[in-house]
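What the coordinates show
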Amino acid sequence: MAAIHPDRSAAAPSAGGGGGIRRRLLPAVRHEEIALLGLFLLVAAFFAVAVPSARSGGTYLDLLRDAAPNLIAAIGVTLLLLAGEFDLSVGSMLAFTGVVTVSTFNATDSMWLGIVAGLLTGPLIGAINGYLVTVQGMNSLMTTLGMLFALRGLVYVWTNQTPVVDENGFSVFTGFYRGEIARIPLPGIIALVLIALAWLFATRTEFGRNIYAIGGNRTAARVSGIRVQRNTFLLFVLSGTMAAIAGVLVASQTGTGYFDAGVQGFELIVIASIVLGGVSLSGGEGNLLSAMLGVLILGMVAKGLRLMGAHTTQQLVVTGIVMLLAVFLHGVRQRMLVESRRRNRA
Amino acid sequence: MPDSPIPGEATVAAPVLEMRGIRKVFPGVVALDDVDVDVVAGEVHALLGENGAGKSTLIKILAGVHRRDGGTMRVAGEEVDFASPADSLGRRIKVVYQELDLVDGLSVAENVFLGGYPKTPRGLVDFAAMRNRTRELLADLGLEIDPALPVGELRVAEQQMVEIARALSRQARLIVMDEPTSALSPAEVDTLFGVIARLKSRGVAIVYVSHKLDEIERIADRVTVFRDGRRVVTAGVAETTPRQLVAWMVGRELHDLFPKSAPAIGGPLLVVDRLSGSGLRDVSFAVNAGEIVGVYGLMGAGINTLGRALFGAAARDGGSVVLAGAAIRPNHPRDAIAKGMGLLTENRKQDGLVLPLAVRANMTLAALARFADLSWIKGGAETRAAAEYVDRLGIKTPSLRQPVRYLSGGNQQKVLMARWMLRQDSLKLLILAEPTRGIDVGSKAEIYRLIDAMAHRGIGIVFMSTEIPEILGIADRILVMREGRITAELGRAEATQERLVAAAATDDEPLPAALPIDAAS
């Protein structure tokens, strides 16, 4: 029995019959990113035809600004999901960090102290989530769902359900959100830099590889000497940190800590976008860049509908339908892949 | 014994089952090629063959799980074509798989009548009738199991009987048993064979799938031998010898399978002292450098638990494990690996492989630090090492990036071997739990060769298996376990099949609830 050369392509000749067309699958079937990019362009093209004002390049730069908080929060949630764990607390964290940031502005009259305080809440809450899940062995879905309610309630009680307004009116803070370098919005730049770092982290480092191993088979990872608990804990801290960065950005939109920021299912939209990007809900499978494309697709849908003048309630319907369509197409693609693998298997 | 033939089952002229020229092709593999099998009423017909020879495919076609690609199939003279398991059941064929199709939380009676509960006139489930009928069916088999007990509380042997009772409740005329004894003690095997004799006497045909020659000699009337998807021969069991059967089945002499070379055994390496916990009781033994120590036991005897306990992957409450002078911490596989231990787990898909990950990533999982600078993976070095092992072990994969789930069982097992071989700089002791389970005979021989080669480099090997031939073939010394204890230690020269069986056998009675075979009627 001779080994096939390790780098021969997957389309090796097979003994069995079968048509040649099916074996030469469309690139869109072979590569998730290409399929998602196609979907994104399709959505963008639709709005470009339907809404004249969507045709300018500025729309897409705006999209990058609008989607930045989602993209950044989605980085942490994606990495956790790859390790097989959920983080549903990111929506409430958005509000919590915003309120902490602006309240600290008002209490200390220092912008930097406020930002630092806001950013620090992330790793802190992430560490609590991580401790409960890894050390106490609690289910992450339920743990972070509990955190979702507890944090939201805390924000309501603390703010009395009124927005916390920046009394100093720090213009640097709000200016940052509006700012741009070479026409690219600053929040977008932050998101892109973080995505690039996270992508290198996930694909090129030992820790990143271990994330996939933990999500793909926890027992196998453990008996291969991987520190499953420690790595999972660190990912919760990372996810909290990313959510805090997103929360500070949201607060900088208007210099206000909103008690209901992210209340309309922010965490669910983030997870849905990630799964739309092909990340497996059971962990171990998926690609960070595809997940980010998933976020951008839903972001584009929301933005396009806003430009069309659709009401938020109508947006909800369309977003849901786009999501169902994407999941359906994902299933079709999976079946085609399995089919072609079976044919090629020798 | 009153002969109560199954209703509608008059003396049949035609065979119960006739399969002619059956062919089944999976992508790239001809699983069955022009296979003929016929089974007559009241016969036990054994299907014998190595893993991958085609037995499983044949019974899956019979069960309606796979559709044949060619050939004809007749049941009681009528041509049939099964599109689903329901079609097969409708023709009164019942397959009892190794993984039993029972619902643990439901009672024995509910399982027996699952899918066709008896009803009261008002349309509700008639539990009383169901329990009575179940008790009768089990009594017919010479068994007394409480119909109200949840199936999950029964022993595997009893669960098997529930499956058989279920077959009878559907008036099965053909029962297929897929390796039914793999989890049974010798006493339980006796009970099963008693039940098979009863089924025979009332005209039920049995297809008995096994690779254990002694069982086939005891129970079967005829045997059909498979090799590489073809039928080698069908013969009356009385007219064959075990030697002949092996020759048909393996197609080569057995010593080719075990390339055992003269061992180069060095000094003491592993010392296990009064290890207990997770069902283990006072287990003490030692392994020398370069030595292959086989650990034999029936399923449930604790051999695989022992492997995990040594490695720190199963809880232990007492005793010590010392490898090359360093104590291995309990419950801490990372420590065991750092000190030079490796474990190939018995269930490669459940706790060995990361199925969605690529072949390369699976290989380097335990040795990744070797290819990383401050956590940054040097892709080139990793790829070169993985490619080298793909070549050396003859792993068939279209690419290093292929998710490992798409490889065949034998190739997956080699990927796991490579995972520990990649740590060879620091590897001192490798524990292998059932490393050849479910892989084809060619891959088996290669795995044995790799193990032998590793031992020659001074690595101590602990080889756990429930298969006697391979233990006898590969080990320098054999430990036998029963109920978490070591019951015998035998040198290579003194070990025989009989001695291993005797030391592994549980002394418990036949199924506690079972009546003696003769007392039932």
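- Looking at an unreviewed UniProt entry, one finds chain B named Ribose ABC transport system, ATP-binding protein RbsA and attributed to uncultured Thermomicrobiales bacterium.

**Regarding the overall build of chain B**
- Of the regular secondary structure elements, chain B holds 17 helices and 22 strands.
- For 521 residues, the compact-globule estimate of 2.2 N^0.38 gives 24 Å, and the C-alpha radius of gyration of chain B, at 25 Å, lies within 12% of that figure.
- Over its C-alpha atoms, taken along the principal directions, chain B stretches across nearly 75 × 50 × 50 Å.
- Among the 521 residues that make up chain B, the fraction classed as buried is 54%.
- Within chain B, contacts between residues separated by at least 24 positions form 67% of all contacts whose residues are at least 6 apart in sequence.
- Per element, the accessible surface of chain B, about 20700 Å² overall, is 50% carbon and sulfur.
- Charge centroids of chain B, computed over 62 positive and 65 negative side chains, lie 6 Å from each other.

**Focus on the environment of I474 of chain B**
All names here are of chain B.
- Following the sequence through the fold, I474 ends up in helix α16 (residues 468–474).
- Accessibility expressed as a relative area gives 3% for I474, which makes it buried.
- Discounting residues that sit within four places of it in the chain, I474 has contacts with F258, K260, I292, Y448, I451, F463 and R492.

**A closer look at the packing of aromatic side chains**
All names here are of chain A.
- One pass over the structure, following the stated rule, counts eight aromatic pairs over all chains.
- Measuring from ring centre to ring centre gives 5.2 Å for F46 and F47, while their planes differ by 75 degrees; the resulting arrangement is edge-to-face.
- For F46, a relative accessible area of 48% gives the class partly exposed.

**Points about the sheet that holds strand β8 (residues 205–210) of chain B**
Residue and element names in this part refer to chain B.
- Spatially, β6-β7-β8-β3-β9-β10 is the arrangement adopted by the six strands of the open sheet, whose pairing is mixed. Each end of this open sheet is capped by a strand with a single partner; those strands are β6 (93–96) and β10 (230–236). Strand-to-strand twist of the sheet, defined as the mean angle between neighbouring strand axes without regard to direction, takes the value 15 degrees.
- Relative to β8, strand β7 (residues 174–178) is paired through five bridges, and the arrangement is parallel.

**Topic: the layout of surface pockets**
All names here are of chain A.
- By volume, the second largest pocket is sized at about 1100 Å³.
- What lines the second largest pocket is a set of 32 residues, and nearest its centre among them are N70, Q264, I269, A302 and R306.
- Elements that contribute at least two residues to the lining of the second largest pocket include exactly α4 (57–82), α12 (228–254), α13 (266–276), α14 (288–307) and α15 (312–344).
- It is α15 that provides the largest number of residues to the lining of the second largest pocket, a total of seven residues.

**Here's the deal with empty space enclosed by the protein**
All names here are of chain B.
- In this structure the tally under the stated criterion is four cavities of 30 Å³ or more.
- As a volume, the largest cavity reaches approximately 60 Å³.
- Mapped onto the lining of the largest cavity, the elements with two or more residues apiece are β16 (341–344), α11 (348–352) and α14 (409–421).
- In terms of residue count, the dominant contributor to the lining of the largest cavity is α14 (three residues).
- Grouping the constituent residues of the lining of the largest cavity by class yields five nonpolar, three polar and two charged.

**Looking at the nonpolar core**
- The biggest cluster of nonpolar side chains holds 93 residues, and the ones touching the most others in it are L71, I75, L79, F173 and I274 of chain A.
- A per-element tally of this core places α4 of chain A first, with 13 residues.
- Among the nonpolar cores identified, the runner-up in size contains 84 residues, and L407, I474, A503 and A504 of chain B belong to it.

**With respect to the sheet that holds strand β14 (residues 318–323) of chain B**
All names here are of chain B.
- Pairing in this open sheet of four strands is antiparallel, and the strands run β12-β11-β14-β15 from one edge to the other. With one partner strand each, in any of the chains shown, β12 (280–288) and β15 (326–327) form the two edges of the open sheet.
- Pairing of strand β11 (residues 268–277) with β14 involves five bridges; the strand directions are antiparallel. For L270, the partnering residue across the bridge sits in β14 and is L323.

**Things to note about helix α9 (residues 186–204) of chain A**
- Between its terminal C-alpha atoms α9 of chain A stretches 27 Å, which fits the 27 Å expected from 19 residues at 1.5 Å a residue.
- Those residues of α9 of chain A that sit buried are L186, P187, G188, A191, L194, I195, A198 and A202 of chain A.

**Section: helix α5 (residues 90–108) of chain A**
Residue and element names in this part refer to chain A.
- Under the 1.5 Å per step criterion, the end-to-end length of α5 is 26 Å for 19 residues, consistent within 8% with the ideal 27 Å.
- Along α5, 17 of the 19 residues are buried, which leaves the element largely enclosed by surrounding structure.
- Among the residues trailing α5, D109 stands out with phi positive, at a value near 55 degrees.

**Remarks on the packing of α4 of chain A against α14 of chain A**
All names here are of chain A.
- Where α4 meets α14, the closest approach of the two axes is 8 Å, and the angle between their N-to-C directions is 140 degrees. With respect to their mutual orientation, α4 and α14 come out oblique. Viewed along their axes, α4 and α14 form a crossing whose handedness is right-handed. Taking contact as the criterion, the partners of T59, Y60, D62, L63, D66, A67, N70, L71, A74, I75, T78 and L79 in α4 are, on α14, L288, A291, M292, V295, L296, G299, M300, K303, R306 and L307.
- Class assignment for the residues of the contact of α4 with α14 results in 14 nonpolar, four polar and four charged.

**Regarding the pattern of salt bridges**
Residue and element names in this part refer to chain B.
- Across all of its chains, the model carries 31 salt bridges over all chains by this definition.
- Between K200 and D221 there is a salt bridge, with the nearest N and O atoms lying 3.1 Å from each other. With K200 in helix α6 (residues 186–201) and D221 in the loop between α7 (213–219) and β9 (222–227), this residue pair connects regions lying 21 residues apart in the sequence.
- Assessed through its relative accessible area of 26%, K200 is described here as partly exposed.
- With a shortest N-O distance of 2.8 Å, R477 and E291 are connected by a salt bridge. Within this pair, whereas R477 is found in strand β21 (residues 477–482), its partner E291 is found in the loop between β12 and β13 (292–296), the two being separated by 186 residues in sequence.
- On the accessibility criterion, R477 (14% relative accessible area) is buried.

**Concerning the confidence of the model for chain A**
- Taken as a whole, chain A shows an average pLDDT of 87; of its residues, 90% reach a score of 70 or greater.
- Low pLDDT, under 50, characterises residues 1–23 of chain A; the predicted model gives this stretch 41 contacts beyond four residues in sequence or across chains.

**Details of the side chain of S89 of chain A**
Residue and element names in this part refer to chain A.
- Take S89: it is sitting in the loop between α4 and α5.
- On the accessibility criterion, S89 (0% relative accessible area) is buried.
- Here D87 takes part through its side chain, which lies 2.6 Å from a polar atom of the side chain of S89.
- Reaching out from S89, the side chain makes a polar contact with the side chain of N129 at a distance of 3.2 Å.
- Discounting chain neighbours no more than four positions away, the residues touching S89 are N129, T144, M147 and L148.

**Some remarks on the domain arrangement of chain B**
Residue and element names in this part refer to chain B.
- In terms of domains, chain B is made up of domain 1 (17–256), domain 2 (261–340 + 426–506) and domain 3 (356–422).
- With centres defined by C-alpha atoms, the gap from domain 2 to domain 3 works out at 25 Å.
- A combined buried area of about 1100 Å² lies between domain 2 and domain 3, and 75% of that area is made up of carbon and sulfur atoms.
- Taken as a group, I447, L450 and M454 account for 33% of the area that domain 2 buries against domain 3, more than any other trio of residues on that side.
- Here domain 2 is connected to domain 3 by one salt bridge.
- With a closest N to O distance of 3.0 Å, K414 and E446 form a salt bridge.
- Of all the secondary-structure elements, those providing two or more residues to the side of domain 2 that touches domain 3 are β19 (429–433) and α15 (441–456).
- If you tally residues by element for the side of domain 2 that touches domain 3, the top one is α15, at six residues.
- For the side of domain 2 that touches domain 3, a count of residues per class yields 11 nonpolar, one polar and two charged.

**Side note on the side chain of S92 of chain A**
Residues and elements named next belong to chain A.
- Counting through the fold element by element, S92 comes out in helix α5.
- Residue S92 is classed as buried on the basis of its relative accessible area, which comes to 1%.
- There is a polar contact of 2.7 Å between the side chain of S92 and the backbone oxygen of L148.
- Residues within four places of S92 in sequence aside, it is in contact with L148, L151, R152 and E267.

Procedures and definitions
- Residues numbered from 1 in each chain as written.
- Chains lettered and ligands numbered in written order.
- Predicted model: local features only at pLDDT ≥ 70, side-chain atom pairs only at ≥ 80, totals over all residues.
- Heavy atoms only, no water.
- Helix = DSSP H or I, 4+ residues; strand = E, 2+ residues; numbered from the N terminus.
- Rg over C-alpha atoms; globule rule 2.2 N^0.38 Å.
- Buried < 20%, exposed > 50% of the residue type's maximum accessible area, 1.4 Å probe, protein only.
- Contact = heavy atoms within 4.5 Å.
- Areas by Shrake-Rupley, 256 points an atom, 1.4 Å probe, with all protein chains shown as cover.
- Lys, Arg positive; Asp, Glu negative; His and termini not counted.
- Charge placed at Lys NZ, Arg CZ, Asp CG, Glu CD.
- Phe/Tyr/Trp six-rings, centres within 6.5 Å; stacked < 30°, edge-to-face > 60°.
- Pairing = 2+ DSSP bridges.
- Axes fitted to C-alpha atoms, helices over the stretch in contact; angles between N-to-C directions.
- 1 Å grid on protein atoms, 1.4 Å probe; cavity = no way out; pocket = protein on both sides within 12 Å on 5 of 7 lines; lining within 4 Å.
- Points joined across faces, edges and corners; volume = space filled by probe spheres on them.
- Nonpolar A, V, L, I, M, F, W, Y, C, P; charged D, E, K, R; others polar.
- Core = buried A, V, L, I, M, F, W, Y, C linked by side-chain atoms within 4.5 Å.
- Expected span 1.5 Å × (residues − 1).
- Parallel < 35°, antiparallel > 145°, perpendicular 65-115°, else oblique.
- Left-handed = near helix turned anticlockwise from the far one by under 90°.
- Salt bridge = Lys/Arg side-chain N within 4 Å of Asp/Glu carboxyl O.
- pLDDT = per-residue confidence, 0-100.
- Polar contact = N/O pair within 3.5 Å; in protein donor to acceptor, adjacent residues only side chain to side chain.
- Domains from an automatic or database assignment.
- Buried area = accessible area lost by both parts, 1.4 Å probe.

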